[in-house]
Structures are given as structure tokens and as C-alpha cells.
Amino acid sequence: MDAAAQDSFREFVANRSSALLKTAVLLSGGDRHAGEDLLQNALIKAAGRWHRIDEPEAYVRQILYRQQVSRWRLKWPRRELSVAEPPESGSGPDTLSAAELRVVMRAALSRLTACQRTVLVLRYFEDLPEADVARLVGCSVGTVRSTTHRSLARLRTLAPELAALGEAEAEADAEQPPSRDHSPVEVRP
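Below is a short write-up of the structure. Every value quoted in this text rests on a predicted model; they were computed, and no experiment measured them. (Residues numbered from 1 in each chain as written. Predicted model: local features only at pLDDT ≥ 70, side-chain atom pairs only at ≥ 80, totals over all residues. Heavy atoms only, no water.)

### Points about the packing of helix 1 (residues 3-27) against helix 5 (residues 114-125)
For any two helices packed against each other, the geometry is given by the interaxial angle and the distance between the axes. Axis separation between helix 1 and helix 5 bottoms out at 9 Å; the angle between their running directions is 145°. The segment helix 1 lies against helix 5, with K22, T23, L26 and L27 engaging R117, T118, V121 and F125. By residue class, the composition of the contact of helix 1 with helix 5 is four nonpolar, two polar and two charged. (Axes fitted to C-alpha atoms, helices over the stretch in contact; angles between N-to-C directions. Helix = DSSP H or I, 4+ residues; strand = E, 2+ residues; numbered from the N terminus. Contact = heavy atoms within 4.5 Å. Nonpolar A, V, L, I, M, F, W, Y, C, P; charged D, E, K, R; others polar.)

### Brief notes about the packing of aromatic side chains
For the structure on display, the rule yields two aromatic pairs. With 5.0 Å between their ring centres and 80° between their planes, F9 and W50 make a pair best called edge-to-face. Placement of the pair is F9 in helix 1 and W50 in the loop between helix 2 (32-48) and helix 3 (56-73), with a sequence separation of 41 residues. Exposure class is identical for F9 and W50. Each is buried. Centroid distance F12 to W50: 5.4 Å. Interplanar angle 45°. Geometry classified as tilted. With F12 in helix 1 and W50 in the loop between helix 2 and helix 3, the pair connects residues that are 38 residues apart, well separated along the chain. Ring-pair connections join several aromatic residues into one group, and the members of that group are F9, F12 and W50. The cationic tip of R123 hangs over the ring face of Y124; the distance from NZ or CZ to the ring centre is 5.5 Å. (Phe/Tyr/Trp six-rings, centres within 6.5 Å; stacked < 30°, edge-to-face > 60°. Buried < 20%, exposed > 50% of the residue type's maximum accessible area, 1.4 Å probe, protein only. Lys NZ or Arg CZ within 6 Å of the ring centre and 35° of its normal.)

### Topic: the packing of helix 5 against helix 7 (residues 141-158)
In the contact formed by helix 5 and helix 7, the axes pass within 9 Å of each other and the chain directions differ by 100°. Between helix 5 and helix 7, the crossing angle belongs to the class labelled roughly perpendicular. Together, C115, Q116, V119, L120, R123 and Y124 of helix 5 and V144, T147, T148, S151, L152 and L155 of helix 7 make up the contact between the two elements. For the contact of helix 5 with helix 7, the per-class residue count stands at seven nonpolar, four polar and one charged. (Parallel < 35°, antiparallel > 145°, perpendicular 65-115°, else oblique.)

### A few points about empty space enclosed by the protein
Counting across every chain of the model gives one cavity of 30 Å³ or more. What the largest cavity holds in volume is close to 30 Å³. Forming the walls of the largest cavity are V25, L26, G29, G30, R106 and L109. Contributing elements (two or more residues each) for the lining of the largest cavity: helix 1 and helix 4 (98-110). (1 Å grid on protein atoms, 1.4 Å probe; cavity = no way out; pocket = protein on both sides within 12 Å on 5 of 7 lines; lining within 4 Å. Points joined across faces, edges and corners; volume = space filled by probe spheres on them.)

### Things to note about the state of the cysteines
What is meant by a disulfide is a covalent connection between two cysteines, made through their sulfur atoms. In the structure shown here, the tally under the stated rule is zero disulfides. Considering cysteine sulfurs only, C139 is the nearest to C115, which forms no disulfide, with 6.9 Å between them. C115 sits in the partly exposed class, given a relative accessible area of 23%. (Disulfide = S-S within 2.5 Å.)

### Topic: the pattern of salt bridges
Summed over all chains, the structure comprises six salt bridges. Between R61 and E57 there is a salt bridge; the shortest N-O distance is 2.9 Å. Here E57 and R61 lie together in helix 3, a separation of four residues that amounts to about one turn. Residue E57 is classed as partly exposed on the basis of its relative accessible area, which comes to 22%. Among the salt bridges present, the one from R135 reaches D132, with a minimum N-O distance of 3.8 Å. A residue pair is termed a helical-turn pair when its members lie 3 or 4 positions apart in one helix, as R135 and D132 do in helix 6 (residues 130-137) at three residues. Classification of D132 as partly exposed rests on a relative accessible area of 27%. It is possible to trace a salt-bridge network through shared partners that takes in R16, E57, R61 and E126. (Salt bridge = Lys/Arg side-chain N within 4 Å of Asp/Glu carboxyl O.)

What follows is the structure, given as C-alpha cells:
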């Protein structure tokens, strides 16, 4: 790698590593050390091809996803992650603070399978469409849909306070009156 490419790579790592680390930690089930390893391996692979990469962030994210998929396909025995229990919440779901919500979400995500966690992170954290998730994970769109559905149901079982939070948001949305858009609509035969 020449000096200009090294500078470009260092600048990329300095600017984007924190965002990439967040994704890597989520993909690893909240294990920061495993996320750091995942990101480091992805950056090593990217460094070797740096002069041929057009979109570096997309390339590194693709490596992260594929490495994580490879990890859960190998069916390594999963190490148990010890975390502190979230503090008792107040009287209802509205009293969950952002920090409590992150703790509950991280604990619930860590109890999902790696496949379920990967699909949820790609769909909701990375906001990728189902077709892109299917392509990255190497399955059909229907499999992504069913895995997403089952994973969300499992999350609701593992962390009932998340389900209660979702119900509170749905009730708040239901209380708002529907919009009355009376703009003309073109009807074609």
C-alpha cells in the first residue's frame, strides 16, 4: 500500500470506526470484545484491497455481515455473557429511561440466536430492505420475513417490558385522529 492509500485508510478508520464498532457489537450480541475482533478482522481484510475499493464503508460493513454469518453457521458453542440485571422500572413502560432500554434490549438480543440477531440488526439497526438482508445472509426473502417475525416474537417473550413499550406507542398512535387529506386523486381507467 502506498503512502496516499495508507493516509486514506487511516482517515477512514479514524472517522468511521466508532459507527462500525456499534454495528459489530450489535452483531456479536452485545459482546464488545467480540465486536472489536469482528471489526478488526474486517478492517484487516479491507486494508489488503484498499486501492480497489470504491465505497469503503459499504465494503467493510459487508465484510462484518459475512463474517458474522460465517460465525453462526459454524455453530460454535456460544459463550454466556454475564450482565447486570436492569434496574427495576417505575410504574409503567413510560418510565423506562434510554439507558434502561439499552440494557434490556442488549440482554434480550444476546439471548437470541446469532441468525435471529443478525437479521434484526440488519433490518432495524441498519435499516436494510428484506431483499438486501436476504442477499447478505444468503437466504430467501421469505426466510428473512419469517426469521424477523419469529425473532421479534422471541424478543417480546424475553423482554416483556419491550412489548409493553410497543403497546404504549401503538395506543398513543391510535389516540391521534386520522388525517383528513381531501386533495384530489387522479383515477385512471
